[in-house]
Amino acid sequence: MANSTAAAVKVGTPGPAGRISPEGSQVLSKKKLQDLVREIDPNEQLDEDVEEMLLQIADDFIESVVTAACQLARHRKSNTLEVKDVQLHLERQWNMWIPGYGSDEIRPFKKACTTEAHKQRMALIRKTTKK
């Protein structure tokens, strides 16, 4: 796999208040959130309550993803959280693929099996639309 390096996060018991990161630290700051909003619409200004809510949602999302990825690492009997643990959780639970961190192989496209009854119905539809 390309880009599948191990992260420096040790899988273990969460820190204070059930969090892995130190208290009060946020991955997304208010300034970064305001910059993201300005990228989308330079004239848009978020309300203070909306900013707080979005920051809380981002923190909760990151915490839930890291917790689930740590559980996957433990299931592999590993003490190290790897990119593939996060990838697996994001793909299975959130249907998200992060560009640049995919595997080398191309994901096989699963073509739905068509039943004989479906083929007959489609043939009948095509036949009647030709007239």
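Per chain, the residues get numbers from 1 upward, laid out in the order the sequence is written. pLDDT decides what is reported in this predicted model: residues at 70 or higher carry local features, side-chain atom pairs at 80 or more are listed and counted, and totals for whole chains, interfaces and linings draw on all residues regardless. Water and hydrogen atoms play no part in the side-chain values, which are based on all heavy atoms of the structure.

- As recorded by an unreviewed UniProt entry, the protein chain carries the name Transcription initiation factor TFIID subunit 12 and is attributed to Dissostichus eleginoides.
- We quote the UniProt Sequence similarities (unreviewed entry) comment for the protein chain here in full: "Belongs to the TAF12 family."
- Listed in UniProt under the heading Subcellular location (unreviewed entry), the comment for the protein chain reads: "Nucleus". UniProt positions are given in the numbering used here, feature names are shortened, and annotations may be inferred rather than shown by experiment.

Describing the packing of aromatic side chains
Thought 1: Aromatic pairing here means that ring centres of Phe, Tyr or Trp (its six-membered ring) are within 6.5 Å. Orientation follows from the plane angle: under 30 degrees is stacked, over 60 is edge-to-face, and everything else is tilted. For the structure on display, the rule yields one aromatic pair.
Thought 2: Here Phe-61 and Trp-94 contribute two aromatic rings whose centre-to-centre distance is 5.1 Å and whose plane-to-plane angle is 75°, an arrangement assigned as edge-to-face. Of the two residues, Phe-61 sits in helix α2 (residues 48-75) while Trp-94 sits in helix α3 (residues 83-94), which places them 33 residues apart along the sequence.
Thought 3: Each residue is assigned to one of three classes by its accessible area relative to the maximum for its type, calculated with a 1.4 Å probe on protein chains only: buried under 20%, partly exposed between the two thresholds, exposed over 50%. Among the residues examined, Phe-61 registers a relative accessible area of 27% and is labelled partly exposed.
Thought 4: On the basis of relative accessibility, which here comes to 44%, the residue Trp-94 falls in the partly exposed class. To qualify as a helix, a DSSP run of H or I must reach at least 4 residues; to qualify as a strand, a run of E must reach at least 2; elements of each kind are numbered from the N terminus.

Things to note about α3
Thought 1: What a helix should span is 1.5 Å times the count of its residues minus one. For α3, with twelve residues, the first-to-last C-alpha span of 16 Å sits near the 16 Å given by 1.5 Å per residue.
Thought 2: Buried residues of α3: Asp-85, Gln-87, His-89 and Leu-90, and no others.
Thought 3: With its phi angle positive at about 55°, Asn-95 sits one or two positions after the end of α3.

Structural notes on the confidence of the model for the protein chain
Thought 1: pLDDT gives the predictor's per-residue confidence on a scale running from 0 to 100. Mean pLDDT over the protein chain stands at 79; residues scoring 70 or higher make up 72%.
Thought 2: The contact criterion used throughout is that any non-hydrogen atoms of two residues lie within 4.5 Å. Low pLDDT, under 50, characterises residues 1-23; the stretch is placed with 37 contacts to residues that sit more than four places away or in other chains.

Let's talk about the pattern of salt bridges
Thought 1: Salt bridge, as used here, is a side-chain nitrogen of Lys or Arg placed within 4 Å of a carboxyl oxygen of Asp or Glu. Per the stated rule, a full pass over the model turns up six salt bridges.
Thought 2: One salt bridge connects Glu-48 with Lys-30, and the closest N-O pair in it is separated by 2.4 Å. Here Lys-30 lies in helix α1 (residues 30-40) and Glu-48 lies in helix α2, a separation of 18 residues in the sequence.
Thought 3: Across the pair Asp-35 and Lys-31 runs a salt bridge, and its minimum N-O distance is 3.7 Å. One end of the pair, Asp-35, and the other, Lys-31, are both in helix α1, four residues apart, so they sit about a helical turn from each other.
Thought 4: Residue classification places Lys-31 among the exposed residues on the basis of a relative accessible area of 54%.
Thought 5: In this structure, a network of salt bridges that share partners links the residues Lys-30, Glu-48 and Glu-52.

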